Amino acid sequence: MDILDKIIAHKLKEVEDRKSLFPEKLLEQSLYFEGQSVSLKKYLLREDMSGIIAEFKRKSPSKGVINSHAKVEKTTIGYMQAGASALSVLTDKEFFGGTSEDLSTARKFNFCPVLRKDFIIDEYQLVEAKSIGADAILLIAAALEPQKLKSLAAFAKGLGLEVLMEVHNKEELDNNLNEHLDIVGVNNRNLKTFDVSIDISKELSAHIPDDFVKISESGISNPETILDLRTYGYKGFLIGETFMKTARPEVTAREFIKGL
């Protein structure tokens, strides 16, 4: 059983528990539920911005604890002041140390798009995402059957959320492209071995139709990599660990973005 299988097995149980604790009718009463989402796609296409989706995460299965001291409010405000285009917030507790409250806090203090980064397997999580203030959600092709991914994407669009689909190879890309997606992200990390290679983004770039905004995820540790990936048509760059592993992630982000 690889790490993704473990996460999904745990997520199935977690979602059932949350459904009983926080029924959908309760989630729909949230202040954010009827609100207009901020378009992640539009922010990534803006020429006056960096294209960086700056991520807040405390730990990961591959690295263990990355930063247990960073505060959501200070870090996310700092990311935006540094020139990030958007925020990504991990809401998975078991494997990444995140919470739904982390995302709501980021939403409360920032006007930019906020991506809910989690392992979404059920429509309930999309209602939950909308209720906590997310503007966009992540669907991982490796974790879902193509028909399930498509139906979740359609449901998300019905709630006014934008959809980022994450792929790791051409097979996942070919099997899962559909009209409900806004953004296609290439994860440069192999989920089975945790090896990272930017070449994955380069190899897949030509196979992603122009209808979708292209972003590259994982393993981006210097501005030169972004400048290189832009020549392959990438408009967005999801960066978490490079910033979060330092004592002051927002300062690291500012120096990084200056390098662009």
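This one's a predicted model, so the numbers in the text were calculated from it and none came from an experiment. (Residues numbered from 1 in each chain as written. Predicted model: local features only at pLDDT ≥ 70, side-chain atom pairs only at ≥ 80, totals over all residues. Heavy atoms only, no water.)

### Some thoughts on the overall build of the protein chain
In step 1: A tally of regular secondary structure across the protein chain gives 13 helices and ten strands.
In step 2: What you see for the protein chain is a C-alpha radius of gyration of 17 Å, in line with the 18 Å of a compact globule of 260 residues.
In step 3: C-alpha extents for the protein chain along the principal axes are approximately 45 × 40 × 35 Å.
In step 4: Counting all 260 residues of the protein chain, 55% fall into the buried class.
In step 5: Long-range pairs, those at least 24 residues apart, make up 67% of the contacts in the protein chain with a sequence separation of at least 6.
In step 6: Element-wise, carbon and sulfur atoms account for 51% of the exposed surface of the protein chain, whose accessible area totals about 11,700 Å².
In step 7: Of note, the protein chain has its 35 positive side-chain charges centred 5 Å away from the centre of its 40 negative side-chain charges. (Helix = DSSP H or I, 4+ residues; strand = E, 2+ residues; numbered from the N terminus. Rg over C-alpha atoms; globule rule 2.2 N^0.38 Å. Buried < 20%, exposed > 50% of the residue type's maximum accessible area, 1.4 Å probe, protein only. Contact = heavy atoms within 4.5 Å. Areas by Shrake-Rupley, 256 points an atom, 1.4 Å probe, with all protein chains shown as cover. Lys, Arg positive; Asp, Glu negative; His and termini not counted. Charge placed at Lys NZ, Arg CZ, Asp CG, Glu CD.)

### Section: the sheet that holds strand S5 (residues 114–117)
In step 1: Judged by pairing direction, the barrel is parallel, and its eight strands sit side by side in the order S1-S4-S5-S6-S7-S8-S9-S10 before closing back on the first. Going across the sheet, the axis of each strand differs from the next one's by a mean of 25 degrees, ignoring polarity.
In step 2: For strand S9 (residues 213–217) and strand S10 (residues 236–239), the ladder comprises three bridges, and the chain directions are parallel. Bridged to Ser216 within S10 is Phe237. (Pairing = 2+ DSSP bridges. Axes fitted to C-alpha atoms, helices over the stretch in contact; angles between N-to-C directions.)

### Section: the packing of helix H4 (residues 72–82) against helix H13 (residues 249–258)
What describes two packed helices is the angle between their axes and the distance between those same axes.
In step 1: Their axes nearest at 8 Å, the elements H4 and H13 cross at an angle of 15 degrees. Relative to H13, H4 is oriented roughly parallel. Here H4 and H13 pass one another in a crossing that is right-handed. Residues Lys74, Thr75, Gly78, Tyr79 and Ala82 of H4 lie in contact with H13, whose contacting residues are Pro249, Glu250, Ala253, Arg254 and Ile257.
In step 2: Tallied by class, the residues present in the contact of H4 with H13 amount to five nonpolar, two polar and three charged. (Parallel < 35°, antiparallel > 145°, perpendicular 65-115°, else oblique. Left-handed = near helix turned anticlockwise from the far one by under 90°. Nonpolar A, V, L, I, M, F, W, Y, C, P; charged D, E, K, R; others polar.)

### Examining the pairing of S9
In step 1: With five of five residues buried, S9 lies mostly within the body of the structure.
In step 2: Burial of the side chains of S9 extends over both faces: Val213, Ile215 and Glu217 are buried on one face and Lys214 and Ser216 on the other.
In step 3: Inspection of the sheet shows strand S8 (residues 183–187) paired to S9 by five bridges, in the parallel sense. Bridged to Ile183 within S9 is Val213.
In step 4: Following the chain from S9 across helix H11 (residues 223–230) to the adjacent parallel S10, one finds a crossover that is right-handed. (Right-handed = clockwise from strand over helix to strand, strands pointing away.)

### Things to note about H4
In step 1: Inspection of H4 places Val72, Thr75, Thr76, Gly78, Tyr79, Met80 and Ala82 among the buried residues, and these make up the whole buried set.
In step 2: Along its buried surface, H4 packs onto strand S1 (52–56), strand S4 (86–90), helix H6 (100–109), helix H12 (241–244) and H13.

### A look at a negative patch on the surface
In step 1: Judged by side-chain charge, Glu24, Glu28, Glu34 and Glu123 come together as a negatively charged surface patch.
In step 2: Here Glu28 shows up in the loop between helix H2 (24–27) and helix H3 (40–45). (Patch = residues over 30% accessible without salt bridge, like charges linked within 9 Å, V, L, I, M, F, W, Y side chains within 5 Å. Salt bridge = Lys/Arg side-chain N within 4 Å of Asp/Glu carboxyl O.)

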